[in-house]
Amino acid sequence: DTAVSQTPKYLVTQMGNDKSIKCEQNLGHDTMYWYKQDSKKFLKIMFSYNNKELIINETVPNRFSPKSPDKAHLNLHINSLELGDSAVYFCASVGLEDEKLFFGSGTQLSVL
Amino acid sequence: DQQVKQNSPSLSVQEGRISILNCDYTNSMFDYFLWYKKYPAEGPTFLISISSIKDKNEDGRFTVFLNKSAKHLSLHIVPSQPGDSAVYFCAASVGRNTGKLIFGQGTTLQVKP
């Protein structure tokens, strides 16, 4: 009964490929996020969607395209994967009256 | 230019003693601060927060202290328990409900039995 679930948990792929990571939350939250944890362990925001509408895009390359089919889902599609895309990607959500982000368990992406 | 820094990558304490995790920030616009805890292969989970209008917030064994003039906050865990062993992330934001958090790089806490 996971609140924020993302799949897959591990993703190993070749440079140049296109891949997607899916995220779903069952908390009824309106706002969802993608965060990236890089090799230096910093967690950095990438995107934020509120009720299917993009509200934050933190200068992420165009190869990254988030898609929100409904407010419970926020998927991340990455085109032409590069070595530097290797990281752990976390999905998160937050409710209107709450300051606490709820995170998924992460997707470890390895680009070879 | 990291706006939130946790300068100690790791900390080891004995069970029952106090754990003190530190965090510094540079952006004076930050007015809301949070601590998250992360176990391996899991996402970060919220632990405790503090608004800039306060200098202390307590929740059970966890207390967060904020020193605005020094742009410094700390998390105290007392008494420390082996189950507290995890990575602790400090985070800051401008405004309370933005969801746009600026994280530090984390401190790995090991509590020895």
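Residues numbered from 1 in each chain as written. Chains lettered and ligands numbered in written order. Predicted model: local features only at pLDDT ≥ 70, side-chain atom pairs only at ≥ 80, totals over all residues. Heavy atoms only, no water.

## Some points on the overall build of chain B
Item 1. Secondary structure summary: chain B contains 0 helices and 11 strands in total.
Item 2. If you list the helices and strands of chain B from N to C, you get β-β-β-β-β-β-β-β-β-β-β.
Item 3. A compact globule built from 113 residues would reach a C-alpha radius of gyration of about 13 Å, and chain B, at 13 Å, matches this within 12%.
Item 4. Along the three orthogonal principal directions, the C-alpha set of chain B runs to about 40 × 30 × 25 Å.
Item 5. Relative to its 113 residues, chain B shows a buried fraction of 45%.
Item 6. Summarising the internal contacts of chain B: among those between residues at least 6 apart in sequence, 54% fall at separations of at least 24.
Item 7. Surface summary for chain B: the accessible area is close to 5400 Å², and the carbon and sulfur share equals 50%.
Item 8. One finds the centroid of the 12 positive side-chain charges in chain B at a distance of 2 Å from the centroid of its 9 negative side-chain charges. (Helix = DSSP H or I, 4+ residues; strand = E, 2+ residues; numbered from the N terminus. Rg over C-alpha atoms; globule rule 2.2 N^0.38 Å. Buried < 20%, exposed > 50% of the residue type's maximum accessible area, 1.4 Å probe, protein only. Contact = heavy atoms within 4.5 Å. Areas by Shrake-Rupley, 256 points an atom, 1.4 Å probe, with all protein chains shown as cover. Lys, Arg positive; Asp, Glu negative; His and termini not counted. Charge placed at Lys NZ, Arg CZ, Asp CG, Glu CD.)

## Here's the deal with the layout of surface pockets
Item 1. In this structure, the largest pocket occupies an estimated 420 Å³ of space.
Item 2. Only β5 (43-50) of chain A together with β10 (102-103) of chain B provide two or more residues apiece to the lining of the largest pocket.
Item 3. Top element by residues in the lining of the largest pocket is β5 of chain A. It accounts for 4 residues.
Item 4. Along the lines of polarity and charge, the residues of the lining of the largest pocket split into 10 nonpolar, 3 polar and 7 charged.
Item 5. Estimated volume of the second largest pocket: approximately 220 Å³.
Item 6. Taken together, 17 residues line the second largest pocket, and the ones lying closest to its centre are Gln37, Val88, Phe90 and Gln108 of chain A together with Lys38 of chain B.
Item 7. Mapped onto the lining of the second largest pocket, the elements with two or more residues apiece are β9 (87-94) and β11 (107-111) of chain A.
Item 8. Grouping the amino acids of the lining of the second largest pocket by side-chain chemistry returns 5 nonpolar, 7 polar and 5 charged. (1 Å grid on protein atoms, 1.4 Å probe; cavity = no way out; pocket = protein on both sides within 12 Å on 5 of 7 lines; lining within 4 Å. Points joined across faces, edges and corners; volume = space filled by probe spheres on them. Nonpolar A, V, L, I, M, F, W, Y, C, P; charged D, E, K, R; others polar.)

## A short note on the sheet that holds strand β8 (residues 73-78) of chain A
Residues and elements named next belong to chain A.
Item 1. Taken together, the 4 strands give an open sheet; going across it, the order is β1-β3-β8-β7, and neighbouring strands pair in antiparallel fashion. On the outer flanks of this sheet lie β1 (4-7) and β7 (64-70), each paired with one strand and no other. Going from strand to strand, the sheet's axes swing by 20 degrees on average, the running direction of each strand aside. (Pairing = 2+ DSSP bridges. Axes fitted to C-alpha atoms, helices over the stretch in contact; angles between N-to-C directions.)

## Observations regarding the packing of aromatic side chains
Two aromatic rings are characterised by how far apart their centres lie and by the angle between their planes.
Item 1. In the structure shown here, the tally under the stated rule is 12 aromatic pairs over all chains.
Item 2. Ring geometry for phenylalanine 64 of chain A and tyrosine 89 of chain A: centres 6.3 Å apart, planes at 35 degrees, overall tilted. Of this pair, phenylalanine 64 of chain A sits in strand β7 while tyrosine 89 of chain A sits in strand β9; the two residues are 25 residues apart in sequence, bridging distant segments of the chain. The pair formed by phenylalanine 64 of chain A and tyrosine 89 of chain A is uniform in burial state, with each residue classed as buried.
Item 3. In this structure an aromatic cluster arises from ring pairing among Tyr33, Tyr35, Phe90 and Phe103 of chain A together with Tyr36, Phe46, Phe89 and Phe103 of chain B. (Phe/Tyr/Trp six-rings, centres within 6.5 Å; stacked < 30°, edge-to-face > 60°.)

## Brief notes about the interface of chain B and chain A
Item 1. On the side of chain A, 22 residues touch chain B, which itself brings 22 residues to the contact.
Item 2. Counting each side, the surface lost to burial between chain B and chain A is near 1800 Å², with a carbon and sulfur contribution of 59%.
Item 3. Taken together, the links from chain B to chain A amount to 1 salt bridge.
Item 4. Notably, a salt bridge pairs lysine 100 of chain B with glutamate 58 of chain A, separated by 2.9 Å at the nearest N-O pair. (Buried area = accessible area lost by both parts, 1.4 Å probe. Salt bridge = Lys/Arg side-chain N within 4 Å of Asp/Glu carboxyl O.)

## Brief notes about the state of the cysteines
Item 1. Under the defined criterion, the tally for this structure stands at 2 disulfides over all chains.
Item 2. The residue that forms a disulfide with cysteine 23 of chain A is cysteine 91 of chain A, at a sulfur-sulfur distance of 1.8 Å. Torsion about the S-S bond of the cysteine 23 of chain A and cysteine 91 of chain A cystine: about -75 degrees, corresponding to left-handed handedness. Linking cysteine 23 of chain A in strand β3 (residues 19-25) with cysteine 91 of chain A in strand β9, this pair joins segments that are 68 residues apart in sequence.
Item 3. Linked covalently through their sulfurs, cysteine 23 of chain B and cysteine 90 of chain B form a disulfide whose S-S length is 2.0 Å. Taking the sign of the S-S torsion, -70 degrees for the link of cysteine 23 of chain B and cysteine 90 of chain B, the bridge is left-handed. Taken as a pair, cysteine 23 of chain B in strand β3 (residues 19-25) and cysteine 90 of chain B in strand β9 (residues 86-93) lie far apart in primary sequence, 67 residues in all. (Disulfide = S-S within 2.5 Å.)

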